[in-house]
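Observations on the three-dimensional arrangement
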Amino acid sequence: MSHNRAASQRTLGIAALALLSLAVVPGVATAQNIGVFVTSNPSPGSFGGLSGGDGFCNGQGLPAFPGSGPWVAWLSTDGNDARDRIAQPGAGGAYVLAALPTTVIADNLTDLTDGTLDHPIERDENGVLVLSGSVWTGTNEDGTATGIDCSDWTDSTAASTATVGSIVTALPSDWSRVGTTPCNSVSRLYCFGSLPTVPAIPSQGLYFLLVLLLAGGAYLCRQRQAVG
């Protein structure tokens, strides 16, 4: 019995070490995309500042892209460039349509702000195709502030104006800056997700190691039982 008990303890010890190795050895990280959508609802240019624009994005409801929120509006003010407000994709990821994550908007921040998108941001938070319309941005195509922003997104009078982009246009660079419009008119917002928390997946090699260790422990246990 003492031999059997010792063998069982060794088997449990081996299994514990194998499980610990899975916990401490890095696995294979999955691609980390950033979802992007254009709001289904338009608004005047007075959101209550950048935080109000972010709140407007988050108030639209979460699209079919798990782990992307909270959402950040593609908006700039003096001293706050939109490019510095948004998250960047993780390893192997890209900016993608939130509701159609296989559709790439841009490979990375450099690609996003080079003046041309790989695909228009033409889907809203429900996945509905938006064929036309303007978008509040206050932002150049390179992601920097234009300085024309409805008084930092607090003014909705006709006397104030802001830079807008176009959802679908013949000129790709116009997605963020196509012109200006009075702040009492209504436009949509582009909303960018935060980096999703995607757990690392242990590699197949680690799983194989676990199987070998457990099999070895079971073999030793049988040998001890045969001797006992």
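Structure shown above.
Residues numbered from 1 in each chain as written. Predicted model: local features only at pLDDT ≥ 70, side-chain atom pairs only at ≥ 80, totals over all residues. Heavy atoms only, no water.

Some words on the nonpolar core
Put simply, the rule reads: Nonpolar cores are built from buried Ala, Val, Leu, Ile, Met, Phe, Trp, Tyr and Cys residues. Side-chain atoms within 4.5 Å join them into one set. Between buried and exposed lies partly exposed: a residue is buried under 20% and exposed over 50% of the maximum accessible area for its type, with that area taken using a 1.4 Å probe on protein chains only. Numbered from the N terminus, helices here are DSSP runs of H or I no shorter than four residues, and strands are runs of E no shorter than two.
Trp74, Ile86, Tyr95, Leu112, Ile121, Tyr190 and Phe192 are the most contacted members of the largest nonpolar core, which totals 21 residues. Top contributing element to this core by residue count: strand 1 (residues 34-38), with three residues. Core analysis: the next-biggest nonpolar cluster, separate from the first, contains 16 residues, Phe37, Trp136, Cys183 and Cys191 among them.

Concerning the sheet that holds strand 2 (residues 72-73)
Two modes of strand pairing occur in sheets, parallel and antiparallel, and in both the strands are linked by backbone hydrogen bonds. Let me state the cut-off plainly: For two strands to be treated as a pair, DSSP must find at least two bridges joining them.
One open sheet holds the five strands; their spatial order is 2-8-1-3-4, and the pairing between them is mixed. A strand with exactly one partner marks an edge of an open sheet, and here the two such strands are strand 2 and strand 4 (104-106). As paired elements, strand 1 and strand 3 (residues 95-97) share three bridges and run parallel to each other. Residue Ile34 lies in a different strand from strand 3, and its bridge partner there is Tyr95.

A few points about the side chain of Ser76
Spelled out, the test is: What qualifies as a polar contact is a pair of N or O atoms within 3.5 Å, subject to a donor-acceptor requirement within protein and to the restriction that residues adjacent in sequence count only when both atoms come from side chains. The criterion used for residue contact is that any of the two residues' heavy atoms lie within 4.5 Å.
Of note, Ser76 is situated in the loop between strand 2 and helix 3 (82-85). The class of Ser76 is buried, set by a relative accessible area of 0%. For Ser76, the side chain forms a polar contact with the side chain of Thr139, separated by 2.8 Å. When residues no more than four places from it in sequence are discounted, the contact partners of Ser76 are Leu50, Asp81, Ala82, Thr137, Gly138, Thr139, Gly143, Thr144, Ala145, Asp149 and Trp153.

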